[in-house]
Amino acid sequence: MPLAEIAAKARLIEAKTLVEYRELPAKRWIGRIAGGESSRAPFDWTINPYRGCEYACRYCYARYTHEFMDLSPGDDFDQQIFAKQWSRSAFVSELARVPRREAIGLGTATDPYQPAERRYGITRKMLEVFAQDSGRRLHIGTKSDLIRRDVDLLEQIAHRNQLTVHVTVTTMDAGLARALEPKAPRPDLRLDAVRVLAAAGVSVGISVSPILPGINDSYHSLDTIARAASIAGAQHLWGNVLFLKPATKGVFLPFLQERFPQLARAYQQAYSQGAFLRGEYPDLIARRIEQIRISHGLLRREASPEAVYLEPQMPLFAA
Ligand code: SF4
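Residues numbered from 1 in each chain as written. Predicted model: local features only at pLDDT ≥ 70, side-chain atom pairs only at ≥ 80, totals over all residues. Heavy atoms only, no water.

### Some words on the site of the ligand
Neighbouring the ligand are Cys53, Tyr55, Ala56, Cys57, Cys60, Ala109, Thr110, Asp111 and Lys143. Partitioning the shell around the ligand into residue classes produces six nonpolar, one polar and two charged. (Near = heavy atom within 4 Å. Nonpolar A, V, L, I, M, F, W, Y, C, P; charged D, E, K, R; others polar.)

Structural data, given as structure tokens:
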């Protein structure tokens, strides 16, 4: 059955003021990244327990994925959240087919610790399975301090598997973070999560992605994050310049017009040729990040695989 049809029939579980949660029958839990060794993706397999994300980041690159369900990449992405119907046996049997040497990314499209996780606990249920396993290569990405809840399991997993976590922090300015990532936890709370994970012996890094020209890209802004990350016990830091696909453009450009009108025209021009910025600017940012990494000792690359944005045709979600 096409995904749009399955989504339309999904049972309503709960409706908050604006947000509706629905259960989605899971055809697959673990998606294979196409392209094998030639792929630019840092993972071989992806897991995303939820579709849509209540954190509502203006720049979220996963917005286009709601279009597969005939829903809008704008408000629907933030307010129509789909949780996969959990089946431990199905998950375990899919995991058994993933070779141990291959890397698995949990939260490659949407945040596995978004508010829905408090209620459904699907991420935790998956971690319970990983905690019984060994020899896995698992990487988790989040913007949420809810990950602290699972520190017991993460500790167990790290003991017998190669576990890395990255926490995304795009700015230490709480006001700017609120504007860019309206419902995500404050930056200081995310750093608290880094502290807790690092103290538990979990290998943790910081992603400063996306780096937004003229907004969070100054040396001072990035250096402030790096300093706080280093104090919290992070081992690595990386970042990519904003990747702007059409579905996200429709949300991000009106936001810019409202909040940073002086930048709107420049963004429109810069991203008129494609989703990636090319040329001098990304090179400048790469050098800046490297310099900051070195000055704060955030160099342990395996603490956070360098993520590249996954192309939309890649199966970010196992349907
Ligand atoms: S936390 Fe991640 S998945 Fe959620 S809206 Fe923000 S960028 Fe998108």
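### Observations regarding the environment of arginine 63
Topologically, arginine 63 is positioned in the loop between strand 5 (50-51) and helix 2 (75-79). Ignoring any residue separated from it by four or fewer positions in sequence, one finds arginine 63 in contact with Ala56, Cys57, Arg58, Pro73, Gly74, Phe77, Asp78, Ala247, Thr248 and Val251. (Helix = DSSP H or I, 4+ residues; strand = E, 2+ residues; numbered from the N terminus. Contact = heavy atoms within 4.5 Å.)

### Let's talk about helix 8 (residues 187-199)
With 13 residues, helix 8 extends 18 Å between its outermost C-alpha atoms, agreeing within 8% with the 18 Å of an ideal straight helix rising 1.5 Å per residue. Pro187, Arg190, Leu191, Ala193, Val194 and Leu197 are the residues of helix 8 that are buried. Axial view of helix 8: buried residues confined to an arc of 150°, hence all on one face. The first or second residue beyond helix 8 is glycine 201, which carries a positive phi of 90°. (Expected span 1.5 Å × (residues − 1). Buried < 20%, exposed > 50% of the residue type's maximum accessible area, 1.4 Å probe, protein only. Arc of directions from axis to C-beta.)

### With respect to unusual backbone geometry
Serine 209 connects to proline 210 through a cis peptide bond whose omega is -5°. Here proline 210 is to be found in the loop between strand 10 (203-207) and helix 9 (219-232). For alanine 56, which is not glycine, the phi torsion reads 60° and is therefore positive. With respect to the secondary-structure elements, alanine 56 resides in the loop between strand 5 and helix 2. Alanine 56 sits in the buried class, given a relative accessible area of 9%. One non-glycine residue with positive phi stands out, namely aspartate 70, at about 60°. As for its placement among the helices and strands, aspartate 70 is situated in the loop between strand 5 and helix 2. Residue aspartate 70 is classed as exposed on the basis of its relative accessible area of 65%.

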